Amino acid sequence: MLEKAQQATSAIKTLPAQQKQELLQQLAVRIQQHTQEIIAANQQDLERMPDTDPKKDRLLLNADRIRQLAESLQEIALLPDPANQLLLEKKLANGLLVQKRTVPLGVVGVIYESRPNVTVDVAALCIRSGNVCVLRGGSDAFYTNTCLVALIQQLLGEFKLPETVVQLLPADRNLIGELLTAVKYIDIIIPRGSQQLIDYVRENARVPVIETGAGVCHTYVESTADLEQASAIVTNAKVSRPSVCNALDTVLVDNAVAAKFLQLLAPSLQAYNVEIFADDKAFSILQKAGYPYLQQAAPEDFGREFLDFKCSVKVVANAEEALEHIRQYSSKHSEAIISSNAAISERFLNEVDAAAVYVNASTRFTDGGVFGLGAEIGISTQKLHARGPFALEKLVTEKWFVHGSGQIRT
């Protein structure tokens, strides 16, 4: 399968941009035409997952989400092709014409869990940028992923392209090791999922890795914050979709406003049955407020990605302590401050080491589509090549083209 993926690179990277656009536009139509078939396959996966599993929301594909997938495909089709762009051109004194252009990465391997929308997003982004993709989805989404890849491969065949431009590996854990070490066939590996998955890939891969997915996201409510606004932002960041990586995990609240803010926040989180793991000061405040879903925080509840209707709360003395806490526990995904103090807000933006930092806004906005980049493969939390939404523009590398007329180096 990996050999065939490498062989397919020549076909997709030479496909004209207009045909890549047409392929994705037709895929958008095809997916909507097969909505009921996709939902039926998805139902087979959903039936195997307990209702109490927080990943179930990520697994779900309904008619509305399939429509959104189709709209995303249309948006990707209309984005500028990132490949074959001339970045630099100059003529040297010896007559050599030197050009630097963008070219596709080649074969992109993606390992992900419980999110069948990733199957379509990755395939579309790779096709648009002239790359081949090898997908290894989780066993939780086996039936849905199989259905989606079959539709994609059918359309590739109609465009006279190898079906191996998009391949789905069997959900066999033993194959992950081969994928991670296939330096001859795979150009880059992107893990998208839990911290455990990302750690495993990082520790075992010989192929270059771009880390995406894990998000331990904090919101710091500073002493000058508009507390009504802060309550709305924190609630949105936690409950709007708790199973995704840009959802809030920890609330840090300044001691000067802790009692007032937590009493204001409590009813909003209680309405969604959010379980709070609170430090001693926050626990005392919330207990007096009669908060019903309250636990005493253990050390491991900070730096924890909950992916559920759960969060931790810590009272801090000042911005200095909040910044230190974030430095210690952040996964470098998305961090926010709620404040009316411009100097402290600017310090937060400059000092916090994360892919996305916010002032007076929810971390839930960290998303390729929201940022106007189209769909994304994931949110990169590292610093080399791509950081933040890893979208179409980053699925290329550089290549030097040199034209001569017989020059030799002396």
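For the structure, check the block above.
Values in this document were obtained by computation on a predicted structure and should not be read as measured data.

> How would you summarise the sheet that holds strand 10 (residues 294-296) if you had to cite specific residues and measurements?
Reading across from one edge, 10-9-11-8-7-12-13 is the order of the 7 strands in this open sheet, with parallel pairing throughout. At either margin of the open sheet sits one strand with a lone partner, and together these are strand 10 and strand 13 (356-359). If you compare each strand with its neighbour and ignore which way they point, the axes differ by 20° on average. Bridge analysis of strand 7 (residues 217-221) against strand 12 (residues 334-338) gives 4 bridges, and the strand direction is parallel. By the bridge assignment for strand 12, Val221 is matched with Ile338. Packing against the sheet, helix 10 (residues 227-239) makes contact with strand 7, strand 8 (248-254), strand 11 (310-316) and strand 12, and its axis sits at approximately 160° to strand 8.

> I'd like a rundown of the pairing of strand 8, residues and numbers included.
When you tally the buried positions in strand 8, you get 7 out of 7 residues, the bulk of the element. Relative to strand 8, strand 7 is paired through 5 bridges, and the arrangement is parallel. Counted as the bridge partner of His218 is Thr250 from strand 8. The parallel pair strand 7 and strand 8 is bridged by helix 10, and the resulting crossover is right-handed. Two strands pair when backbone bridges link them, and strand 8 and strand 11 are joined in this way by 5 bridges, in the parallel orientation. The partner of Leu252 across the bridge, within strand 11, is Lys314.

> Tell me about the pattern of salt bridges, and name the residues and values.
One pass over the full model with this rule turns up 19 salt bridges. For the salt bridge of Arg304 with Asp301, the shortest nitrogen-to-oxygen distance reads 2.7 Å. Judged by its relative accessible area of 28%, Arg304 falls in the partly exposed class. Taking the shortest distance from any N to any O, the salt bridge between Asp353 and Arg387 comes out at 2.7 Å.

> Please provide a residue-by-residue account of the side chain of Ser312, values included.
Tracing the sequence through the fold places Ser312 in strand 11. In this view, Ser312 contacts Asp249, Thr250, Val251, Phe277, Asp301, Phe302 and Phe306; residues no more than four positions away in its chain are not counted.

> Which residues make up the packing of helix 11 (residues 258-270) against helix 12 (residues 280-288), and what are the values?
Viewed as axis vectors pointing N to C, helix 11 and helix 12 meet at an angle of 55°, and their least axial separation amounts to 9 Å. One finds that helix 11 runs oblique with respect to helix 12. You can see that helix 11 and helix 12 cross each other, and the crossing is right-handed. Touching Ala258, Ala259, Leu262, Gln263 and Ala266 of helix 11 are Ala282, Ile285 and Leu286, all from helix 12.

> Just give me the short version of the sheet that holds strand 1 (residues 86-91), but keep the residues and values in it.
With antiparallel pairing, the 3 strands of this open sheet are ordered in space as 1-2-16. The open sheet terminates on both sides in strands that have one partner only, identified here as strand 1 and strand 16 (396-403). This sheet shows a mean twist of 20° between the axes of neighbouring strands, independent of strand direction. Where strand 2 (residues 97-104) lies against strand 16, 8 bridges are found, and the strand directions are antiparallel. Paired with Val98 across the strands is Val402, a residue of strand 16.

How each quantity is defined
Residues numbered from 1 in each chain as written. Predicted model: local features only at pLDDT ≥ 70, side-chain atom pairs only at ≥ 80, totals over all residues. Heavy atoms only, no water. Pairing = 2+ DSSP bridges. Helix = DSSP H or I, 4+ residues; strand = E, 2+ residues; numbered from the N terminus. Axes fitted to C-alpha atoms, helices over the stretch in contact; angles between N-to-C directions. Contact = heavy atoms within 4.5 Å. Buried < 20%, exposed > 50% of the residue type's maximum accessible area, 1.4 Å probe, protein only. Right-handed = clockwise from strand over helix to strand, strands pointing away. Salt bridge = Lys/Arg side-chain N within 4 Å of Asp/Glu carboxyl O. Parallel < 35°, antiparallel > 145°, perpendicular 65-115°, else oblique. Left-handed = near helix turned anticlockwise from the far one by under 90°.

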